[in-house]
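The primary structure of each chain is shown beneath.
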Amino acid sequence: MDSTAEALARWAHELDPDPHDLALARRSLLDTLAVTLAARDDELVRLSAELPDAARWAAVGHVLDFDDLHVESTTHISVVCVPATLAAGGDARAYLAGAGVMARIGVALGWSHYSSGWHATCTAGAPAAAVCAGVALGLSAERLATAMALAVPAAGGVQRAFGTSGKSLQVGFAAEAGVRAARLAAAGATADPTALDAWLRLVGGDPDRVDLSGPAVPGGLAIKMFPCCYALQRPISALREQLPDVEAATVEEVRVRTPAGTVQPLIHHRPSTGLQGKFSMEYAVAAALLDPHPGFASFTDEAVTRAEAQRLVRQVTVDETPGGDWLLDGRVEISVRLRDGTRHAAALELPPGSPGRPPSDEDLTAKITDCGAGSLLSDVDWCGAAPLLAEHLPGTEKKEPA
């Protein structure tokens, strides 16, 4: 019987994308490039300058926390798989092969893996990046399985990094580890494919949950409308869509009721930096009340430390109901009490950009424009994407002789 790595490798090697798959790959490329280029002035660009391409592009692409998400596996698929694919000279098929593997490994890891504190984007990401790069390099199914096994030692990352540079850097490390593993496999390195099964069980996953049926990326990908943790997309949307006329200065109390699982990554309750604000329910509520569209300017150090924002943060109470095994479980319910005693309520199940409320072409165009990448991405394709990133995110990596 095939090991999990061998089964996934054969699926990836034989993948023949249909038009729906290719449309998803195109959207993922544009969205990932846009959020990466939007961060080209971030401090992380300097910090990651000496990292290899895949690591640098993935880390910078994740630092704004504006990249897409596979909700069922709680993994940021494209910010790993696009850089790994581009670094190895791959195309849409290589991306889809790795993205499909990442989705399936993420589901096999399960919610218990994520809720215990692992950063599934990194754990599922390293072997997936190996598939992206391996398909780009033309590896056989056998060599792809080897590459996945070689990536296992790098399949780590924890949620305590959230709100620091470590979160985006560990995503970069996962992407680069996969590319490195694929190149080693191409050069003839050996590994036992069953290492992936052993690792899955060690970190709480179940190899029997790997399902090779369905489209390349089962469930599709959620596109973020706000540059912060996906767990905040729903509460922000609920307030902006349903209570847009509430004046922040009149708010006395806010109560948020949501399943406990949906706030798993929200570890900062009194944030003092922009990065911490991206993982704070309390600050997300404040930003949604203060700002007409909580965008990049809402998640800076200056914005988070605004006196009125800090006042509102202290007025927010989060009531966690039992259960929840993904970030969109149940629904969020928000009650706002004003100083005059008036109460307003909002509730929401699916935020805009989720697979159940997919973004329109206009939504995606607006996001790309907000990222300052509209003219740069007007006609970009998989062949032109790597040179574009190299031009706008120059690094100091020492290239090996061809």
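Residues numbered from 1 in each chain as written. Predicted model: local features only at pLDDT ≥ 70, side-chain atom pairs only at ≥ 80, totals over all residues. Heavy atoms only, no water.

### A few points about the nonpolar core
Membership of the largest hydrophobic core comes to 91 residues, with the highest contact counts inside it found for Tyr95, Ile105 and Leu377. Examining the composition of this core, we find that 12 residues originate from one element, helix α6 (residues 92-115), more than from any other. Dropping the residues within four chain positions of it, Leu377 is found in contact with Leu30, Leu33, Ala34, Leu37, Ile368 and Leu388. Met225, Ala231, Leu266 and Ala309 belong to the second-largest nonpolar core, a separate cluster that totals 50 residues. (Core = buried A, V, L, I, M, F, W, Y, C linked by side-chain atoms within 4.5 Å. Buried < 20%, exposed > 50% of the residue type's maximum accessible area, 1.4 Å probe, protein only. Helix = DSSP H or I, 4+ residues; strand = E, 2+ residues; numbered from the N terminus. Contact = heavy atoms within 4.5 Å.)

### A short note on the pattern of salt bridges
Within this structure, the stated rule accounts for 15 salt bridges. In this structure, Arg255 engages Asp319 in a salt bridge whose closest nitrogen and oxygen atoms are separated by 3.0 Å. Of this pair, Arg255 sits in strand β1 (residues 251-259) while Asp319 sits in strand β2 (residues 316-321); the two residues are 64 residues apart in sequence, bridging distant segments of the chain. The class of Arg255 is partly exposed, set by a relative accessible area of 35%. Within this structure, Glu253, Arg255, Asp319 and Arg337 form a network of salt bridges that share partners. (Salt bridge = Lys/Arg side-chain N within 4 Å of Asp/Glu carboxyl O.)

### Quick notes on the environment of Cys229
Tracing the sequence through the fold places Cys229 in the loop between α11 (195-202) and α12 (233-242). The spatial distance from the C-alpha of Cys229 to the C-alpha of Phe162 is 9.5 Å, given a sequence separation of 67 residues. Ignoring sequence-local partners within four residues, the contact set of Cys229 consists of Asp65, Lys224, Pro265, Leu266, Lys278 and Phe279.

### Section: the packing of helix α14 (residues 281-290) against helix α16 (residues 307-315)
Helix packing for two helices is described by the angle between their axes and how far apart those axes are. Relative to each other, α14 and α16 sit at 125 degrees, their axes nearing to 8 Å. The angle between the axes of α14 and α16 places the two elements in the oblique class. In this structure, α14 crosses over α16, and the sense of that crossing is right-handed. Within the contact between the two elements, α14 uses Glu282, Tyr283, Ala286, Leu289 and Leu290 and α16 uses Glu308, Ala309, Leu312 and Val313. Grouping the constituent residues of the contact of α14 with α16 by class yields 7 nonpolar, no polar and 2 charged. (Axes fitted to C-alpha atoms, helices over the stretch in contact; angles between N-to-C directions. Parallel < 35°, antiparallel > 145°, perpendicular 65-115°, else oblique. Left-handed = near helix turned anticlockwise from the far one by under 90°. Nonpolar A, V, L, I, M, F, W, Y, C, P; charged D, E, K, R; others polar.)

### Focus on the UniProt feature "domain: MmgE/PrpD C-terminal" (unreviewed entry) in the protein
Under the UniProt annotation, "domain: MmgE/PrpD C-terminal" (unreviewed entry) lies at residues 226-376. For residues 226-376, helix accounts for 31% and strand for 19%, while the C-alpha atoms at its two ends are 21 Å apart. (UniProt positions renumbered as here; feature names shortened; annotations may be inferred.)

### Some points on the packing of helix α4 (residues 53-62) against helix α5 (residues 77-87)
At a minimum axis separation of 8 Å, α4 and α5 run at an interaxial angle of 150 degrees. By the angle class used here, α4 and α5 are roughly antiparallel. By crossing handedness, the relation of α4 to α5 is classed as right-handed. Between α4 and α5, the residues in contact are Asp53, Ala54, Trp57, Ala58, Gly61 and His62 and Val79, Pro83, Ala84, Leu86 and Ala87, respectively.

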